[in-house]
Amino acid sequence: MSDTERQPSPLLELSGAVAGDGIDAAVAAHYGSFNLEQRTLVSGEGFVDLSHRDVVRIAGPDRLTWLHQLTSQFFEDLRAGEWTAALVLSPQGHVEHYFAGIDDGEAFTAWTEPGAGAALIEFGERMKFWSEVTLSLEPELATVWRPGETPAGRYSFIPRASLTAFVDAAGPACGLWAFEALRIERGEPRLGLDTDQRTIPNEVGWVPGSAAEAGPGFAVHLDKGCYRGQETVARVHTLGRPPRRLVLLHLDGSENRLPTLGSSLRLGDREVGFVGTSARHFELGPIALGIVKRNVPVDAQLTVDGMPAAQELIVDPEVGLHVRPLR
């Protein structure tokens, strides 16, 4: 099954389910009330169906060494059962792929954005050389998310055929709109939606302050050998002042609409960035993530699609670190 043939989730058959749109159309946006569903997740209950995300499996005796050499993450000492996230960068340090997953001692299984799995595997196949690794898409595995001990919660993989039964075990099911509102509040970007082809890890909070701070909320490890794009990441980490920065936008709630993905962020008549994902938060109202140029004052009032947008700091413009990183 190819990425474009991902089947709608069986949970769309649940009472009140309303499908999402765009690349999220294969799962439920909500099951009747996205505000109540947000409150459920905040209380530590329920789960979110993310079965539209691509799942990639990397097996073989060389898999961790190969991933260590290829990506921004430290894989060589990854313990079985430990979650981690990683990036594949261009030679200039621009983010090309993001994935997060877990090793079970025999294979590393990871989720990536809907439709991104085939390109990740294609890249991996070109870079195998003599390494003993095998890569495959796993359409029969589904990604789910549950609230956890940290605000970032916890991901897991279950058989796609078990999704309906999972409602009885871990329910209630909460929709993607609730999940997205809480993710945006945390300042967690989605690759390809909250980023563009020029994004470097330092701009969006994927780099820890030090190797000692490394954890599953970060996709870069600062204490490892050379990998493609490392020079850019290391230079900006050392000198600070990344070219752009991720911000949380508090939108004017007087209009019953959200900005269009990719719309320009403006400071007066000047274009200073773009808006990414947006949602309606049950406490904060309409919010969004955006990327703005570093020299935009942190207290400047911006506009997007004709709506006022106040900034809240996510990535510090001087040091390029997430101001409240999730570990």
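Above this text is the structure in question.
Source: prediction; values computed, not measured.

**Let's talk about the overall build of the chain**
For step 1, the next point in the chain: The secondary structure content of the chain amounts to six helices and 17 strands.
For step 2, the next point in the chain: Against the compact-globule benchmark of 20 Å for 327 residues, the chain has a radius of gyration of 19 Å, which places it among compact chains.
For step 3, the next point in the chain: Each principal axis of the C-alpha distribution contributes one length, and for the chain these read about 55 × 55 × 35 Å.
For step 4, the next point in the chain: The buried share of the chain, taken over its 327 residues, is 52%.
For step 5, the next point in the chain: A separation of at least 24 residues holds for 65% of the contacts in the chain among residues at least 6 apart in sequence.

**Things to note about the sheet that holds strand 5 (residues 83–89)**
For step 1, the next point in the chain: Strand order in the open sheet formed by five strands is 5-6-7-4-8, and the pairing between neighbours is antiparallel. Pairing within the sheet leaves two strands with one partner each, and these edge strands are strand 5 and strand 8 (134–137). Sheet twist, expressed as the mean angle between neighbouring strand axes with direction ignored, is 30°.
For step 2, the next point in the chain: Bridging between strand 4 (residues 54–59) and strand 7 (residues 107–112) involves six bridges; their strand directions are antiparallel. What sits directly across from I58, in strand 7, is F108.
For step 3, the next point in the chain: Against the sheet, helix 3 (residues 117–126) engages strand 4, strand 5, strand 6 (95–103), strand 7 and strand 8, with an angle of about 165° to strand 8.

**A short note on the packing of helix 1 (residues 34–42) against helix 5 (residues 176–186)**
For step 1, the next point in the chain: Viewed as axis vectors pointing N to C, helix 1 and helix 5 meet at an angle of 60°, and their least axial separation amounts to 8 Å. As far as their axial angle goes, helix 5 and helix 1 are oblique. The crossing of helix 1 and helix 5 is right-handed. Counted together, F34, E37, Q38, L41 and V42 of helix 1 and W177, A178, F179, A181 and L182 of helix 5 form the full contact between these two elements.
For step 2, the next point in the chain: Here the contact of helix 1 with helix 5 is composed, by residue class, of eight nonpolar, one polar and one charged.

**Description of the nonpolar core**
For step 1, the next point in the chain: By size, the foremost hydrophobic cluster in this structure holds 40 residues, and its most contacted members are L87, Y98 and W206.
For step 2, the next point in the chain: Looking at this core, the elements with two or more residues in it are strand 5, strand 6, strand 10 (154–159), helix 5, strand 12 (244–251), strand 14 (270–281) and strand 15 (285–293).
For step 3, the next point in the chain: When residues of this core are assigned to their parent elements, the largest contribution, six residues, is made by helix 5.
For step 4, the next point in the chain: Among the nonpolar cores identified, the runner-up in size contains 18 residues, and F75, A110, I121 and F123 belong to it.

**Looking at the pairing of strand 4**
Looking along a regular strand, one sees side chains alternate from face to face of the sheet.
For step 1, the next point in the chain: Among the six residues that make up strand 4, five are buried, leaving the element largely enclosed by the rest of the structure.
For step 2, the next point in the chain: In this structure, strand 4 lies alongside strand 8, joined through four bridges in antiparallel fashion. Residue pairing in the sheet places A59 in a bridge with T134 of strand 8.

**Overview of the pattern of salt bridges**
For step 1, the next point in the chain: Counted according to the given criterion, the structure contains 16 salt bridges.
For step 2, the next point in the chain: Its salt-bridge partner being E96, residue R228 comes within 2.8 Å of it at the nearest N-O pair. Of the two residues, R228 sits in the loop between helix 5 and helix 6 (230–239) while E96 sits in strand 6, which places them 132 residues apart along the sequence.
For step 3, the next point in the chain: Between R190 and E113 there is a salt bridge whose closest N-O contact spans 2.7 Å. Separated by 77 residues along the polypeptide, R190 in the loop between helix 5 and helix 6 and E113 in the loop between strand 7 and helix 3 bring together distant segments of the chain. Side by side, R190 and E113 carry an identical accessibility label, which is buried.
For step 4, the next point in the chain: Among the ionic contacts, a cluster of salt bridges with common partners joins D24, E113, E180, R183, R190 and D194.

**Quick look at the layout of surface pockets**
For step 1, the next point in the chain: If you add up the space inside the second largest pocket, you get close to 520 Å³.
For step 2, the next point in the chain: Along its surface, the second largest pocket is lined by 20 residues, and D21, D24, W177, E180 and S278 are the ones closest to its centre.
For step 3, the next point in the chain: Elements represented by at least two residues in the lining of the second largest pocket include exactly helix 5 and strand 14.
For step 4, the next point in the chain: Ranked by residues supplied to the lining of the second largest pocket, first place goes to strand 14 with five residues.
For step 5, the next point in the chain: Its residues assigned to classes, the lining of the second largest pocket shows ten nonpolar, five polar and five charged.

**Details of the sheet that holds strand 11 (residues 173–174)**
For step 1, the next point in the chain: On the basis of which strands lie adjacent, the open sheet formed by four strands has the order 10-9-3-11 and mixed pairing. At either margin of the open sheet sits one strand with a lone partner, and together these are strand 10 and strand 11.
For step 2, the next point in the chain: Here strand 9 (residues 141–146) pairs with strand 10 via six bridges, running antiparallel. Residue pairing in the sheet places A142 in a bridge with I158 of strand 10.

**Description of the packing of aromatic side chains**
For step 1, the next point in the chain: Following the criterion strictly, the structure yields eleven aromatic pairs and no others.
For step 2, the next point in the chain: Their ring planes at 75° and their centres at 5.5 Å tell us that F34 and W177 sit as a pair that is edge-to-face. Pair noted here: F34 is in helix 1 and W177 is in helix 5, with a separation of 143 residues, a long-range link.
For step 3, the next point in the chain: Taking relative accessible area as the criterion, W177 reaches 40% and is therefore assigned partly exposed.
For step 4, the next point in the chain: Arranged with centres 6.3 Å apart and planes meeting at 75°, the rings of F99 and F108 form a pair that is edge-to-face. Like F108, F99 is buried.
For step 5, the next point in the chain: Each member of the aromatic cluster is reached from another via a ring pair, and the members are W83, Y98, W111, Y155, F157 and W206.
For step 6, the next point in the chain: A cation over an aromatic ring shows up here: R53 above the ring of W111, its NZ or CZ 4.0 Å from the ring centre.

Calculation criteria
- Residues numbered from 1 in each chain as written.
- Predicted model: local features only at pLDDT ≥ 70, side-chain atom pairs only at ≥ 80, totals over all residues.
- Heavy atoms only, no water.
- Helix = DSSP H or I, 4+ residues; strand = E, 2+ residues; numbered from the N terminus.
- Rg over C-alpha atoms; globule rule 2.2 N^0.38 Å.
- Buried < 20%, exposed > 50% of the residue type's maximum accessible area, 1.4 Å probe, protein only.
- Contact = heavy atoms within 4.5 Å.
- Pairing = 2+ DSSP bridges.
- Axes fitted to C-alpha atoms, helices over the stretch in contact; angles between N-to-C directions.
- Parallel < 35°, antiparallel > 145°, perpendicular 65-115°, else oblique.
- Left-handed = near helix turned anticlockwise from the far one by under 90°.
- Nonpolar A, V, L, I, M, F, W, Y, C, P; charged D, E, K, R; others polar.
- Core = buried A, V, L, I, M, F, W, Y, C linked by side-chain atoms within 4.5 Å.
- Salt bridge = Lys/Arg side-chain N within 4 Å of Asp/Glu carboxyl O.
- 1 Å grid on protein atoms, 1.4 Å probe; cavity = no way out; pocket = protein on both sides within 12 Å on 5 of 7 lines; lining within 4 Å.
- Points joined across faces, edges and corners; volume = space filled by probe spheres on them.
- Phe/Tyr/Trp six-rings, centres within 6.5 Å; stacked < 30°, edge-to-face > 60°.
- Lys NZ or Arg CZ within 6 Å of the ring centre and 35° of its normal.

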